Amino acid sequence: MLKKNLSSIQYQDIDLEKFAVNLKGCTGADIERICANAIKSFILRSERYLIEKDMEIAVSH
């Protein structure tokens, strides 16, 4: 199984501060699951970069 950490993922136009504020109160496991879901989304779209929409969808779930 291919494992990547978030630092190896390329992203564009994501306001990380905005997402950090939205994740207050989440556990480390919650944040890990959100990031994994966002990464899966952009991989399934066969894109090169993670975009803000991927993160928004993952947070909303």
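The residue count restarts for each chain, going from 1 along the sequence in the order it is written. Per-residue local features of the predicted model are confined to residues with pLDDT of at least 70, and side-chain atom pairs are confined, for both listing and counting, to 80 or more; whole-chain, interface and lining totals are unaffected and use all residues. Derived side-chain values reflect all non-hydrogen atoms in the structure, with water molecules and hydrogen atoms excluded from consideration.

Let's talk about helix α3 (residues 52–60)
Type-normalised accessible area, obtained with a 1.4 Å probe on protein chains alone, sets the label of each residue: buried when under 20%, exposed when over 50%, and partly exposed for intermediate values. To qualify as a helix, a DSSP run of H or I must reach at least 4 residues; to qualify as a strand, a run of E must reach at least 2; elements of each kind are numbered from the N terminus. Restricting attention to buried positions, one finds in α3 the residues Glu52, Asp54, Met55 and Ala58. Within α3, the buried residues cover an arc of 155° as seen down the axis, which keeps them to one side. Think of the arc as the fan of directions from the helix axis to the C-beta atoms.

Focus: the nonpolar core
Among the nonpolar cores identified, the biggest contains 11 residues, and these are Ile9, Ile14, Phe19, Leu23, Ile34, Ala38, Ile39, Phe42, Leu50, Met55 and Ala58. The set of elements that each furnish at least two residues to this core consists of α2 (28–44) and α3. Element by element, the count of residues in this core is highest for α2, at 4 residues. A contact between two residues is defined here by any heavy atoms of the two lying within 4.5 Å. Dropping the residues within four chain positions of it, Leu50 is found in contact with Ile9, Gln10, Tyr11, Gln12, Ile14, Ala38, Ile39, Phe42 and Met55. Take the buried Ala, Val, Leu, Ile, Met, Phe, Trp, Tyr and Cys residues and link them wherever side-chain atoms come within 4.5 Å; each set so joined is a nonpolar core.

Notes on the environment of His61
Structurally, the position occupied by His61 is in the segment after α3. The class for His61 is exposed, based on a relative accessible area of 77%. In this structure, the C-alpha to C-alpha distance between His61 and Ile34, residues 27 residues apart in sequence, is 8.1 Å.

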